Amino acid sequence: MTKNKPKIVITNWIHDDILAEIEEFAVCTANRDRTTPWSREDILERGADADGLLAFMTDTVDEALLREMPNLKTVSCAVRGYDNFDIDACVRRGVTVAHVPDLLQGPTADLTLGAIIALTRHMLSADRYVRSGNFEGWRPHFYGLGLAGTPVGIIGMGGLGRAIAKRLLACEANVMFHDRQVDRVRIDPWDTFEGTTLDELLGESRIVILALPLVQETHHLIDRDAIAKMQPGTYLINPARGSVADELAIGDALKSGRLAGYAADVFAMEDWRLPDRPRSIPRDLLDATDRTVFTPHLGSAVDEVRRDITKAAAYHLAQFFRGETPDGAIGRAAASAEAV
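Conventions we followed
Residues numbered from 1 in each chain as written. Predicted model: local features only at pLDDT ≥ 70, side-chain atom pairs only at ≥ 80, totals over all residues. Heavy atoms only, no water. Helix = DSSP H or I, 4+ residues; strand = E, 2+ residues; numbered from the N terminus. Buried < 20%, exposed > 50% of the residue type's maximum accessible area, 1.4 Å probe, protein only. Contact = heavy atoms within 4.5 Å. Areas by Shrake-Rupley, 256 points an atom, 1.4 Å probe, with all protein chains shown as cover. Lys, Arg positive; Asp, Glu negative; His and termini not counted. Charge placed at Lys NZ, Arg CZ, Asp CG, Glu CD. Arc of directions from axis to C-beta. Pairing = 2+ DSSP bridges. Axes fitted to C-alpha atoms, helices over the stretch in contact; angles between N-to-C directions. Parallel < 35°, antiparallel > 145°, perpendicular 65-115°, else oblique. Left-handed = near helix turned anticlockwise from the far one by under 90°. Nonpolar A, V, L, I, M, F, W, Y, C, P; charged D, E, K, R; others polar. 1 Å grid on protein atoms, 1.4 Å probe; cavity = no way out; pocket = protein on both sides within 12 Å on 5 of 7 lines; lining within 4 Å. Points joined across faces, edges and corners; volume = space filled by probe spheres on them. Disulfide = S-S within 2.5 Å.

Draft legend 1. Quick look at the overall build of the chain. Scanning the chain from N- to C-terminus turns up 13 helices and 14 strands. Buried positions account for 48% of the 340 residues belonging to the chain. The long-range share in the chain, meaning contacts at least 24 apart out of those at least 6 apart in sequence, stands at 63%. When the accessible area of the chain is evaluated, it comes to approximately 16,500 Å², of which 50% is carbon and sulfur surface. Looking at the chain, you have 38 positive and 50 negative side-chain charges, and the mean spots of the two groups are 1 Å apart.

Here it is as structure tokens:
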């Protein structure tokens, strides 16, 4: 620590006022570039002696990094899903990890609904048609799939799945879900839903939405076998994690027509912790311009939401260095807090 203040490394750009708040209790080494996240080498060059780390989706904290940062005491993650962070390794080394579980669900659900409508109503293709100069007025083109009465299956009924379901119900979709840990959910005071099996959901849905974390059991949950169980012409939507689905299998299914379309805000190339992750998006997906809608991980990309997420992560740091258990603690620190 410097002058009794902890040293904190901030790996990605944050709002100026949030940085100022952290600087009230810590000495900060912060990335001020909005386009380039710091690599592991950058982090170690600037903060091998750091006491705290404010980390983001682009970061991976594993045993190797922890060995190179022997003074590290806490990692505050400005994310909801923390599959890029080795919690067991942090626990072994006494490093407290915290995340922000509740602020990303609403904006991600909004984006998911937008992606569904853009994909099933052919909005991108229609936009290109209008801009081409060939549009001369209404024609019976671009007929798509409406949401009212359409069977929509959500795999994963945590906070994100419920937020998506609530929006779909407002569109009068016929919502079903599968979750290995949840049998029944109440979306609002009037709607209670019973879960179904994965096979039933895949076979009955016209739109399948992935809303579950990336863990060993969910890696490539949607593979060739799962796609074969879907109705021909099903739409697949992925706002969760890229590697929950097999992107190569999806590319083949788009070419064969088994899938009518695929919308994604996440890609396997982003799943940094997986040693065999691809380094790019498969060309078959990128080339399927009439049957895909892709966004560059915009789920929580609402300015005030990102401010609130970073503010919460900064508060977790402040809590830790005051000797408190951070509100978003996971791993051993969370277990200790629950015991109290």
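Draft legend 2. Summary view of helix α1 (residues 16–23). Buried residues of α1: Ile18, Leu19 and Ile22, and no others. Projected onto a plane normal to the axis of α1, the buried residues spread over an arc of 100° and lie on a single side. On its buried face, α1 is in contact with β1 (7–10), β2 (27–30), β3 (52–55) and α12 (303–321).

Draft legend 3. Representation of the sheet that holds strand β12 (residues 259–264) within the structure. Ordered by their spatial adjacency, six strands build an open sheet running β7-β6-β10-β11-β12-β13, and the pairing between neighbours is parallel. The open sheet has two edge strands with one neighbour each: β7 (174–178) and β13 (292–294). In this sheet, neighbouring strand axes are inclined to one another by 15° on average, regardless of whether the strands run parallel or antiparallel. Relative to β7, strand β6 (residues 151–155) runs parallel, the two sharing five bridges. Looking at β7, one finds that Pro151 is bridged to Asn174.

Draft legend 4. Region of the structure containing the packing of helix α5 (residues 105–120) against helix α7 (residues 159–170). Packing of α5 against α7 leaves a shortest axis separation of 9 Å and a crossing angle of 50°. What the angle tells us is that α5 and α7 run oblique. Between α5 and α7 the crossing geometry is right-handed. Residues Gln105, Gly106, Thr108, Ala109, Asp110, Thr112, Leu113 and Ile116 of α5 touch α7, and the partners they reach there are Gly159, Leu160, Ala163, Ile164, Arg167 and Leu168. Considered class by class, the residues forming the contact of α5 with α7 number seven nonpolar, five polar and two charged.

Draft legend 5. Molecular detail of the side chain of His316. If you trace the backbone, His316 turns up in helix α12. A relative accessible area of 6% means that His316 is categorised as buried. Those residues within four positions of His316 in sequence are excluded, and the remaining contacts are Ser76, Ala98, His99, Val100, Pro326, Asp327 and Gly328.

Draft legend 6. Highlighting the layout of surface pockets. What the second largest pocket holds in volume is close to 220 Å³. Around the second largest pocket sit 13 residues that line it, and Ser39, Arg40, Thr58, Asp59 and Thr60 are the ones nearest its centre.

Draft legend 7. Quick peek at the sheet that holds β3. Strand order in the open sheet made by the six strands is β2-β1-β3-β4-β5-β14, with mixed pairing throughout. Every interior strand has two partners, whereas the edge strands, β2 and β14 (329–330), have only one. Two strands pair when backbone bridges link them, and β3 and strand β4 (residues 74–77) are joined in this way by four bridges, in the parallel orientation. Paired with Leu54 across the bridge in β4 is Ser76. Where α1 meets the sheet, its contacts fall on β1, β2 and β3, and the angle it forms with β2 comes to roughly 145°. Sitting on the sheet, α12 touches β1, β3, β4 and β5 (96–98), and the angle it makes with β4 is about 160°.

Draft legend 8. Fine view of the packing of α1 against α12. Where α1 meets α12, the axes come as close as 10 Å, and the angle between the chain directions of the two elements is 5°. What the angle tells us is that α1 and α12 run roughly parallel. Facing α1, whose interface residues are Asp17, Ile18, Glu21 and Ile22, α12 presents Arg307, Thr310, Lys311 and Ala314. Looking at the contact of α1 with α12 residue by residue, the class counts come to three nonpolar, one polar and four charged.

Draft legend 9. How the structure looks around empty space enclosed by the protein. As enumerated under the stated definition, the model contains one cavity of 30 Å³ or more in all. In this structure, the largest cavity encloses a volume near 50 Å³. Where the lining of the largest cavity is concerned, the elements lending two or more residues are α5, α6 (123–131) and β13. Looking at the lining of the largest cavity residue by residue, the class counts come to five nonpolar, four polar and two charged.

Draft legend 10. Looking closely at the state of the cysteines. The tally for this structure, following the rule as stated, stands at zero disulfides. The cysteine Cys28 is free of any disulfide, with Cys77 supplying the nearest cysteine sulfur at 16 Å. Exposure remark for Cys28: the relative accessible area of 18% places this residue in the buried category.

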